[in-house]
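What follows is each chain in one-letter form.
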Amino acid sequence: MVHLFRTSLGVMALAAASFGLGESAQAANGPFLPHQALYDLSLVKSRSNSVNSARGRILYNFTGSACEGYTSEFRQVSELDSGEGKVTLSDLRSNSWEDAAGKSYRFKIETRMNEADAGRVDGMAERDGDHINVKLKLPAPKSFTLDGSIVFPTEQIQRIIAAARDGKSLLELSVYDGSDDGQKVYNTLTVIGQPVPADRATSADPSTSDEHMKSLKRWPVTVSYFDRDAQQKEGEQTPVYAMAFELYENGVSRQLVLDYNDFVISGAMGKFDVKDSKPCN
């Protein structure tokens, strides 16, 4: 159980970056929305009966602009009860910055399980022609290169929104965000549903009632993450993790569903505050 959840935490960092930088991506129809969002987590189902209950919160802050780059701060605190007094408490913190062109990416990720020492990843990635140079400070100093076709989280979300606007239903991308030990690349498959018109009735939450959001359409999106190394070696097609959400055209995400294979957690938006933004000069 602890091993499973440790794996899910590593991929949750990827989710953090995706939500964070998704809001930051630039789009042809206007700027994305700086804001703070709070999501309340609860257990939807446990497929293997390995989890009796789950609760927690995700707090997310996004700031920045196309001029100064984009910063996302993410924290997830979760408690999983697997029965017989076995409770796993996790605390994930992620801070990342990416320039608007997707050429430079910096990240710091910290994960803590129960009373164990925190695991830390600290590094940066720079795009240089047909490859990406990565330099890690933590968990140990290391430099390596990645294929230039790999995208950072900003471009991943930019492409999802662009594909949705073009009426496409599938999108495949390889993504690097620094999660796990800072060396993992995920292959992703995104399934995009039909757009939801702004005037369609929906379950209410702070995003749907906000004045900034009422006129915007959104798309149901599911992104599955596959271990790229495992796929290349074994042809494995089982996702490590999947997340579903409704993605507004200004990048805000609502109705999160986090699928860790053995169990599924939902994230209902409990609070949504728009932040002031500074336009580019």
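Residues numbered from 1 in each chain as written. Predicted model: local features only at pLDDT ≥ 70, side-chain atom pairs only at ≥ 80, totals over all residues. Heavy atoms only, no water.

1. As for the packing of aromatic side chains
What characterises a pair of aromatic rings is the spacing of the ring centres plus the angle enclosed by the ring planes. With the rule as written, the count across this model stands at 8 aromatic pairs. Geometrically, the ring pair formed by phenylalanine 107 and tyrosine 176 is edge-to-face, given 6.0 Å between the ring centres and 75° between the ring planes. Of this pair, phenylalanine 107 sits in strand E5 (residues 104–113) while tyrosine 176 sits in the loop between strand E9 (170–175) and strand E10 (186–192); the two residues are 69 residues apart in sequence, bridging distant segments of the chain. Tyrosine 176 shares its class with phenylalanine 107; the two are buried. An aromatic cluster is built from Tyr186, Tyr225, Tyr241, Tyr260 and Phe263, whose rings are joined through pairwise contacts. It is arginine 106 that lies over the ring of tryptophan 97; its NZ or CZ is 4.4 Å from the centre. The side chain of arginine 127 reaches across the aromatic face of phenylalanine 152, ending 5.0 Å from its centre. (Phe/Tyr/Trp six-rings, centres within 6.5 Å; stacked < 30°, edge-to-face > 60°. Helix = DSSP H or I, 4+ residues; strand = E, 2+ residues; numbered from the N terminus. Buried < 20%, exposed > 50% of the residue type's maximum accessible area, 1.4 Å probe, protein only. Lys NZ or Arg CZ within 6 Å of the ring centre and 35° of its normal.)

2. Focus on the environment of serine 143
Inspection of the secondary structure assignment puts serine 143 in strand E8 (residues 142–147). Classification of serine 143 as exposed rests on a relative accessible area of 54%. For the pair serine 143 and glutamine 183, spaced 40 residues apart in the sequence, the C-alpha separation amounts to 9.8 Å. With residues up to four places along the chain from it excluded, the contact list for serine 143 reads Val134 and Lys135. (Contact = heavy atoms within 4.5 Å.)

3. Here we look at a negative patch on the surface
A cluster of acidic side chains, namely Glu126, Asp128, Asp130 and Asp147, defines a negative patch on the protein surface. With respect to the element layout, aspartate 128 can be found in strand E6 (residues 119–128). (Patch = residues over 30% accessible without salt bridge, like charges linked within 9 Å, V, L, I, M, F, W, Y side chains within 5 Å. Areas by Shrake-Rupley, 256 points an atom, 1.4 Å probe, with all protein chains shown as cover. Salt bridge = Lys/Arg side-chain N within 4 Å of Asp/Glu carboxyl O. Lys, Arg positive; Asp, Glu negative; His and termini not counted. Charge placed at Lys NZ, Arg CZ, Asp CG, Glu CD.)

4. Overview of the confidence of the model for the protein chain
Interpretation of this model should avoid reading the predicted coordinates in detail wherever pLDDT is low. Looking at the protein chain, the pLDDT average stands at 81 and 85% of residues meet or exceed 70. Contacts of residues 1–30 to residues separated by more than four positions or lying in other chains number 103 contacts, the stretch itself having pLDDT below 50. (pLDDT = per-residue confidence, 0-100.)

5. Structural notes on the pattern of salt bridges
Within the structure shown, the criterion is met by 12 salt bridges. Across the pair lysine 184 and aspartate 227 runs a salt bridge, and its minimum N-O distance is 2.9 Å. Within this pair, whereas lysine 184 is found in the loop between E9 and E10, its partner aspartate 227 is found in strand E11 (residues 218–227), the two being separated by 43 residues in sequence. Aspartate 273 is paired through a salt bridge with lysine 271; the nearest N and O atoms lie 3.8 Å apart. Residue class for aspartate 273 comes out partly exposed when judged on its relative accessible area of 31%.

6. Looking at unusual backbone geometry
Following leucine 138, the chain continues into proline 139 via a peptide bond in cis, with omega recorded as 10°. Here proline 139 shows up in the loop between strand E7 (131–138) and E8. Its identity as a non-glycine residue notwithstanding, aspartate 180 has a phi of 60°, on the positive side. Within the element layout of this structure, aspartate 180 appears in the loop between E9 and E10. Note on aspartate 180: relative accessible area 28%, which makes it partly exposed. Unusually for a residue other than glycine, glutamine 255 sits at a positive phi of about 50°. Along the chain, the position of glutamine 255 falls in strand E13 (residues 253–259). Overall, the relative accessible area of 34% leaves glutamine 255 in the partly exposed class.

7. Let's talk about helix H2 (residues 153–165)
The terminal C-alpha atoms of H2, which comprises 13 residues, lie 19 Å apart, in line with the 18 Å expected from a rise of 1.5 Å per residue. Buried residues of H2: Pro153, Thr154, Glu155, Gln156, Ile157, Ile160, Ile161, Ala163 and Ala164, and no others. (Expected span 1.5 Å × (residues − 1).)

8. Quick word on the pairing of E13
The element E13 is largely enclosed, with a buried count of 5 among its 7 residues. The antiparallel hairpin formed by strand E12 (residues 241–248) and E13 contains 4 residues in its connecting segment, where glycine 251 sits at a positive phi of about 95°. Pairing of E13 with strand E14 (residues 263–274), which is carried by 4 bridges, proceeds in the antiparallel orientation. Bridge pairing in E14 links leucine 256 to glycine 267. (Pairing = 2+ DSSP bridges.)

9. So, the nonpolar core
By size, the foremost hydrophobic cluster in this structure holds 57 residues, and its most contacted members are Val134, Leu146, Ile160 and Tyr176. Here leucine 146 is in contact with His131, Ile132, Val134, Tyr176 and Val185, once residues within four sequence places are set aside. (Core = buried A, V, L, I, M, F, W, Y, C linked by side-chain atoms within 4.5 Å.)

10. Comments concerning the environment of alanine 116
Tracing the backbone shows alanine 116 in the loop between E5 and E6. Classification of alanine 116 by relative accessible area gives partly exposed; the value is 38%. Separated by 26 residues in the primary sequence, alanine 116 and serine 90 have C-alpha atoms spaced 9.9 Å apart.

11. Regarding the side chain of glutamate 249
Secondary-structure assignment places glutamate 249 in the loop between E12 and E13. In terms of polar contacts, glutamate 249 uses its side chain to reach the backbone amide nitrogen of lysine 217, at 3.0 Å. (Polar contact = N/O pair within 3.5 Å; in protein donor to acceptor, adjacent residues only side chain to side chain.)

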